[in-house]
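What follows is each chain in one-letter form.
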Amino acid sequence: MVKFGLRLSQNRAPEYPPEAYMDYDKLKEIIHELKKKKLARVDSTTREVSLTAPPPTNAAGRQLTADDSPVNEEDFYSTIDKELAKVESFTLQQVTELRKQIDNVENEVKGWVTSTTATAATSTGHKMNESQIESSRESADTVAKSFLILEKYVNINFMGFHKILKKHDKNSPQHQCKQFYINRMHQQAWVRGDYSDVVVRLSNIYSALRDDHAAEENKDGGQQSFLRSTTKYWVRTEDVSKVKYAILKHLPVFLQKTSTGESDSQLTNSVYFDNDQLELYHGRLDKTPGAIAYRLRWYGAGNPKLVFCERKTHRDTWTGEASVKERFTVDESEVKQVLNDKYPIDEKRKEMQSKKGATADEVDGWETLVREMIQVVQVKQLVPTMRTQYMRTAFQIPFDATVRISLDTNLCMISERGYDTLGGAKWFRDPEKPLADNEITRFPHAVLEVKLELGGANAEPPQWVTDLQNSGMLYEVHKFSKFIHGCAALLPEYVRSVPYWVDDASIRDSILRSGGGRILVKQDHDTGVGPGANEVYDHLLPFGNVKEPRLDAKGRTANTASLVKGVDESPAKGAVATAEHYYADADVTEEEMLNSTLRGCCEDTCAGWMFPFCSGYNDDILTPTSVQKIEPKIFFANERTFLHWLHSGVTLYTIAAGILAFASDANSMTAHWYAMALLPISLGFCLYALHLFLWRSEKIKTRIPGRWDDSRGPLILGTTLCCVLFINFVMKCKEIRKYNNLLGYEL
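Since this is a predicted model, take the numbers as computed values, not measurements. (Residues numbered from 1 in each chain as written. Predicted model: local features only at pLDDT ≥ 70, side-chain atom pairs only at ≥ 80, totals over all residues. Heavy atoms only, no water.)

1. Quick word on the overall build of the protein chain
Each helix and strand in the protein chain was counted, giving 23 helices and 12 strands. The 747 residues of the protein chain split such that 41% are buried. Intrachain contacts of the protein chain at a sequence separation of at least 6 include 73% that bridge at least 24 residues. When the accessible area of the protein chain is evaluated, it comes to approximately 41400 Å², of which 53% is carbon and sulfur surface. (Helix = DSSP H or I, 4+ residues; strand = E, 2+ residues; numbered from the N terminus. Buried < 20%, exposed > 50% of the residue type's maximum accessible area, 1.4 Å probe, protein only. Contact = heavy atoms within 4.5 Å. Areas by Shrake-Rupley, 256 points an atom, 1.4 Å probe, with all protein chains shown as cover.)

2. What to know about the environment of Gly 515
Position of Gly 515 relative to the elements: it lies in the loop between helix 16 (508-513) and helix 17 (533-536). Through-space distance from the C-alpha of Gly 515 to that of Leu 490 is 7.0 Å; in sequence the pair is 25 residues apart. In contact with Gly 515, not counting residues within four places along its chain, are Ala 489 and Pro 492.

3. Digging into the nonpolar core
One finds Phe 76, Tyr 153, Ile 247, Ile 405 and Leu 448 to be the most contacted residues of the largest nonpolar core, which totals 76 residues. Here this core takes 15 residues from helix 4 (residues 123-171), the largest share from any one element. If we skip the residues at most four places from it in the chain, Phe 76 touches Leu 27, Ile 30, Ile 31, Leu 34, Ile 164, Leu 165, His 168 and Cys 177. Judged by nonpolar contacts, the second largest core, of 33 residues, contains Leu 285, Phe 443, Cys 487 and Tyr 500. (Core = buried A, V, L, I, M, F, W, Y, C linked by side-chain atoms within 4.5 Å.)

4. Regarding the packing of aromatic side chains
The full count for this structure, using the stated rule, is 27 aromatic pairs. When the centroid spacing of 5.5 Å and the interplanar angle of 85 degrees are considered together, the rings of Tyr 16 and Tyr 153 count as edge-to-face. Of the two residues, Tyr 16 is situated in the loop between helix 1 (4-10) and helix 2 (24-36) and Tyr 153 in helix 4; the sequence distance between them amounts to 137 residues. Comparing Tyr 16 with Tyr 153 shows no difference in burial state: the two are buried. Between the aromatic rings of Trp 298 and Trp 427, the centroid separation amounts to 5.4 Å while the plane-to-plane angle is 90 degrees, which identifies the pairing as edge-to-face. (Phe/Tyr/Trp six-rings, centres within 6.5 Å; stacked < 30°, edge-to-face > 60°.)

5. Points about unusual backbone geometry
Even without being glycine, Asp 341 reaches a positive phi, approximately 60 degrees. With respect to the secondary-structure elements, Asp 341 resides in the loop between helix 11 (335-339) and helix 12 (345-354). Even without glycine at this site, Asn 410 takes up a positive phi of about 50 degrees. Within the fold, Asn 410 resides in strand 9 (residues 403-415). A relative accessible area of 62% means that Asn 410 is categorised as exposed.

6. Details of the packing of helix 7 (residues 196-210) against helix 9 (residues 240-248)
One can describe the packing of helix 7 onto helix 9 by two numbers: an axis separation of 9 Å at closest approach and a directional angle of 20 degrees. When the interaxial angle is binned, helix 7 and helix 9 end up roughly parallel. As for the relative orientation of helix 7 and helix 9, their crossing is right-handed in sense. Of the residues in helix 9, those in contact with Val 199, Leu 202, Ser 203, Tyr 206 and Arg 210 of helix 7 are Lys 244, Tyr 245 and Leu 248. The residue makeup of the contact of helix 7 with helix 9, split by class, is five nonpolar, one polar and two charged. (Axes fitted to C-alpha atoms, helices over the stretch in contact; angles between N-to-C directions. Parallel < 35°, antiparallel > 145°, perpendicular 65-115°, else oblique. Left-handed = near helix turned anticlockwise from the far one by under 90°. Nonpolar A, V, L, I, M, F, W, Y, C, P; charged D, E, K, R; others polar.)

7. Let's talk about the confidence of the model for the protein chain
Per-chain confidence: the protein chain averages 79 in pLDDT, with 78% of residues scoring 70 or above. Low pLDDT, under 50, characterises residues 120-128; the stretch is placed with zero contacts to residues that sit more than four places away or in other chains. Between residues 557-628, whose pLDDT stays under 50, and residues either more than four places distant or in other chains, the model counts 126 contacts. (pLDDT = per-residue confidence, 0-100.)

8. Re the side chain of Asn 157
Mapped onto the fold, Asn 157 is located in helix 4. A distance of 2.9 Å separates a polar side-chain atom of Asn 157 from the backbone nitrogen of Met 22. What Asn 157 contacts, discounting residues up to four positions off in sequence, is Tyr 21, Met 22, Val 87 and Trp 190. (Polar contact = N/O pair within 3.5 Å; in protein donor to acceptor, adjacent residues only side chain to side chain.)

9. Thoughts on helix 21 (residues 632-662)
Look at helix 21: 46 Å from first C-alpha to last across 31 residues, which is about the 45 Å you get at 1.5 Å a residue. Among all positions of helix 21, only Asn 638, Trp 645, Gly 649, Leu 652 and Ala 656 are buried. (Expected span 1.5 Å × (residues − 1).)

10. Quick notes on the pairing of strand 4 (residues 266-274)
Most of strand 4 is tucked away, with seven of its nine residues classed as buried. Of the strand pairs in this sheet, strand 4 and strand 8 (residues 383-395) are connected by nine bridges, and their pairing is antiparallel. The residue of strand 8 that forms the bridge with Gln 266 is Arg 392. As judged from the six bridges shared by strand 4 and strand 5 (residues 292-299), these two strands associate in the antiparallel manner. The partner of Thr 268 across the bridge, within strand 5, is Tyr 299. (Pairing = 2+ DSSP bridges.)

11. Description of the pairing of strand 11 (residues 446-454)
Here strand 11 lies mainly inside the structure; eight of its nine residues are buried. Pairing between strand 9 and strand 11: six bridges, direction antiparallel. When the sheet's bridge partners are listed, Leu 407 is paired in strand 11 with Leu 448.

12. A closer look at a nonpolar patch on the surface
Together, Trp 673, Phe 726, Ile 727 and Phe 729 give the surface a local cluster of nonpolar side chains, amounting to about 440 Å² of exposed area. Here the nonpolar patch gets three residues from one element, more than from any other, and that element is helix 23 (residues 713-743). Looking at where Trp 673 falls in the secondary structure, it is placed in helix 22 (residues 668-702). By relative accessible area, which is 40% here, Trp 673 ends up partly exposed. (Patch = residues over 30% accessible without salt bridge, like charges linked within 9 Å, V, L, I, M, F, W, Y side chains within 5 Å. Salt bridge = Lys/Arg side-chain N within 4 Å of Asp/Glu carboxyl O.)

In structure tokens form, the structure reads like this:
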């Protein structure tokens, strides 16, 4: 393990002077000096003193408070205060410089945009505009990369102060001060400062350079069939800014109005309802068809004003249906009426028709939804159970649903159990009252959700989305749910089963702090995971389990190449830790990546079981964190394929047996040769069918992503059969020619 002092020196940005960083070595030397001192402690229980009596002494006859060493605790406190002030001053100075640079880029972009608008479009002017766009984009990239370097500077110093304070308290337990300084740091501008305005302004610059408005006007509004997909990822806190930067280069930030201006994120609260048996929780966890999630959501800080009543219904995609989310809005004062079945539906229906101009179909659909949601509260006896709270940053080009991305940070789950709802009048916990440790759990990662709507000309996801997924910063967590995680962590005594991700090593501490330890395995557990899915699918956990943690693992696709090759190449080849190139495999071309992937997929095929000399199959295959969804029809398709191959083998065997049984004595040698050539081929078809079935069954069981087809087996068997048929055809032609010659004819 690398010592932090060495790590600090190795991770200094070349753009910053060394003295800008905290003097970790100096503070460490002070701690070592303090450790050598063995002063007797003053009796802290004495509450009286005498002004005429001499002070107490130690065994050497010196006063207990005497200090012969030139270093004392005051030196440590004063030094760390100076270091904190130095880091804060440097950070604020760099932020000021960054904002000036952004001002220059904004003025530059506004200048050429105004000039282009005022000047008639010519071919020469178009070329000049393209060069200006490229120049402005490079300037914006420089600002963004400088901001990422600054964030790395803040993180390395923040960690350094944590390390040195922990070391101080360990060596001087009678003068512990870590908690005091940690609280103090969180009150300083370099830690708590909100620099989201940098993200907002960069987003506006990139949006102007992309000309998003023109893209919106040229949007094809025809009717198309779309393939919709939603994928959720965990993002480390240290990678949040990098991910934001990677996205805003292609999608604008959906700006939020706040009291201090425009921000890139908005506070979001969602209160989930369930009954005493947690029926909705277990339905969503088991993915029962028709399972619902019932929640009340509002946006912004403070008490809610406009509340969204939402219902999410799960549908299995293999049935041809899609999961849906439906909602309607009510005023906060009307929530009690909705929960108590006293909502004036008829009055609201008339209001929608008269004031809002809604059509009859829209009103009927709204009424059906409202009545169903009111009814489910009464039938299932739903009460407030769990609240999720987070800051949401949304990325989307207006009116373009091709790619929509949301990033949730500062995620926490709050238990809504344990207080009187007053008959529905109170449906969320009083924010002014403090929360106990077992009433809140803070999630250590940000949650990224990518929604794709592909169809027509956009049948494939944009390349930049694929690059982001392969960046090593995203950790795919299949079907992650904030509601499910909150219930499992905060209501462990009520749940009958828990989601698979609770065994992940990176979130274990947060669950323990919230009192959910009963859902976790012990530190010395044999497998490190609880009973259930993780015992079979050990690759589901992004950061490993408590027994085999992988806290430094790359994102879900960083190990794809090593997955198919059976070689652990962590960290991923080409992964660069600098701010300029933070994508994994950044120096590998798309063609090279495709070729390497295809090579691996062809090597790891069923043909390798039958022909090990041409296969790269490895029993120690490294499993990834991504999960390939399995639908029930895949199992039946595997069985049908097995039966088809088996049928072909039996058919060939029947033909060979018939030839052997009915061949005449005159042509027995040729017929017997042909039949004996078909028999091993028919046996090969049967063996191949069995191996193919078992191989695909294992793929389905482990859900390993990649190609599940065999590109070699059918080619080898088909070629062999064609060769036998061709040889038989040639021999028959010779026999016919010979027979004709005997009769005096020419072929």
